[in-house]
Structure formats: structure tokens, C-alpha cells
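Structural overview
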Amino acid sequence: MDVDTRLLRYFIAVAEEGSLTRAAERLFVSQPALTKQIKQLETQLGVRLFTRSRAGMALTEPGQTLAERAPALLACLDRVLGETKSAASRAARVLRVGSVASAANEATPQIIATFTRLRPGWRADMRQAAWSNPTAGLAGRDVDVALLRLPFPGQDALRVEVLFTEPRWVALPTAHPFATRDQIPFRDLWDEPFVAAPPETGRWREYWLATDERDGHPVRIGAVTDHPDDWLSAIANGYGIALTPESSARFYARPGVTYRPVSGVSPSQVGIAWAPADDTNPIVRDFIRCCLDSKAPQREGTGT
């Protein structure tokens, strides 16, 4: 029997969330579309996977069995496909480098130039990921290394070397009353609505909302975005503000958005990350060496 792996991923999301509504939000699909996919999987398998009630979606006994086994099956498939793509990249002499947002910003061209000199004939293929993919494809082996903002979900399963730190600033609508301040205490921003990354980004979202640095004060979410352009539009349109690296003022300058330093919040770190399986990969090791040799000057802004 052939089963579309996409249906299995949808099934896992519903099983984990216990709700079609929450699973649809997590998967960025409509609830009717998700309901249709679950019914299609049940038809293909010839079993009922869920019992539906006002309380949510409860697994049946066959559904529980599938929920216990499917994640390992999909993880194995992802690993095999990732290794296959990695082998193809090596044959083409291409190193796949993922990044999220500006990542290593000004240091990136220097890193790439150094790598090209060190490995003639090789090319570093830069691939920018959405915020809903905070490992930039590294977790799924879609890239070989990644320049990332720390912390990120799945970080503990990967190797990470910190390259540099920079202060976190705040991006505000230019018309915001705080936009004329030279510096803004983070405490003054606690009651403001924030533009946030999608909930499934976990630690990434929480870090950029600074949930651990609010003394338990709840966060107001004004908008949820997954790409820099949408993020900038939400801020410019007054839906919320956002913490962001200092370098965003250079990389994401836009009419209607003003960047200001913030005190009372910890700085951001940028790191180079790779899979433990590539500890002995000479190409990956050379790129890591280029990153470490090209470390940007440390900015002594702790935000305090």
C-alpha cells in the first residue's frame, strides 16, 4: 500500500495537537482541507484514526499505534532523503549554506570569499529560510551548514559555534510615540503589541518576544508573520513592534519603520551550525574554519 507521506505528517500534527483547528494553524492549511486529508488517510488505511467530539480529536486504538510509529518512520525517510541530497551536492561540488533573516550579515561575503579561495572549484550556495524553519533546513538535511540566530528549536541536537553577538533593538512604526527616543527601556515596551513568528517556531519565537525577560508579564501579539517583508509591513502598518538585531536597521531599512536601541534585554548571538554526522566532513570543516576565522568584531552591547 502506498501512502502519501504528507498525509502522515498531517495526521501527526492532529494527533499531537488534539484539535483540527490548532493543527490547521500549525500546518498553515485551512481546517476543511485538513479534515479532507485525514479522511483520505483513513480511507486508504481502511481504519478510523480519530473519534471526533466537541472536546477535540481523540486517537482510536489503530490511531494510537500509527501515532507511536509514524514519527520514527518519517524521521528515517527525512534522513535518507537528506543524505541523498547531500551526496548530490558533493558530486556537484556545492556546499549548501542555510540562513535565517540576515544571519551573519556583513560577515557573510567575507566567509564565502575565504571558502572559495580555500576550496577552488567549490561553490557555497546560500539558501534563506522562513522563520517557520529556524534551522534553515539543517534539521532535515536540506543544507550542509547554516548561519543562524541563537537559540533555535533543535539546537541541542546540532553542533554550534558562536561567531558574534550584537544588541537587540526594537523596530517600531515611525509614527509611534517612542520612535523619537534615543534609547527605550524594555520594560516600557511590555504592554505593546508585538509582531511574532509562528507558534511552531517555539524557542525562536519566545526569544524574540523576550518572554523570559518580562518578569512574568504577558505578551500581547498584534500580528504573526513568517517572512521579513510581511514582518516589515505589519510594523509599518501599526499592528505591532518587534525586537530585532541591531543590524536590521541596515539590512531592513524601510519607510514607516524606525529602529531604536533597547536597554534591559540580552543581546543576540549568531552561530555556525552543522550536523554531528559531518564532524569529519572536510568540506564542512573548512567552511566552519572560514566562519571562525572571519568572526565579526564583538559588539560590547549587552542591552543593559
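Scroll up for the structure.
First, a word on scope: everything that follows refers to the structure included in this document. As the structure is a prediction and not an experimental result, all values here were calculated from the model. (Residues numbered from 1 in each chain as written. Predicted model: local features only at pLDDT ≥ 70, side-chain atom pairs only at ≥ 80, totals over all residues. Heavy atoms only, no water.)

1. Things to note about unusual backbone geometry
Across the junction of Leu150 and Pro151, the peptide omega takes the value -5°, indicating a cis bond. For Ala136, which is not a glycine, the phi torsion comes out positive at approximately 55°. As for its position among the elements, Ala136 is in the loop between strand 4 (123–129) and strand 5 (145–150). Positive phi, normally seen in glycine, also occurs at Ala210, with a value near 55°. Counting through the fold element by element, Ala210 comes out in the loop between helix 6 (203–209) and strand 10 (220–224). (Helix = DSSP H or I, 4+ residues; strand = E, 2+ residues; numbered from the N terminus.)

2. Quick notes on helix 3 (residues 31–45)
Compared with the 21 Å implied by 1.5 Å per residue over 15 residues, the 21 Å span of helix 3 between its first and last C-alpha is a close match. Burial in helix 3 covers these residues: Leu34, Gln37, Ile38, Leu41 and Glu42. With its buried residues spanning 135° around the axis, helix 3 presents them on a single face. Of the exposed residues in helix 3, the ones pointing more than 90 degrees away from its buried face are Pro32, Lys36 and Thr43. Positive backbone phi, approximately 75°, marks Gly46, located one or two places after helix 3. (Expected span 1.5 Å × (residues − 1). Buried < 20%, exposed > 50% of the residue type's maximum accessible area, 1.4 Å probe, protein only. Arc of directions from axis to C-beta.)

3. So, the pattern of salt bridges
When their charged atoms lie close together, side chains carrying opposite charge are able to pair. Within this structure, the stated rule accounts for 13 salt bridges. A salt bridge links Arg6 to Asp4; the shortest N-O distance between them is 3.4 Å. Residue Asp4 is classed as partly exposed on the basis of its relative accessible area of 34%. Between Asp125 and Arg127 there is a salt bridge, with the nearest N and O atoms lying 3.2 Å from each other. (Salt bridge = Lys/Arg side-chain N within 4 Å of Asp/Glu carboxyl O.)

Structural measurements only, silent on function.
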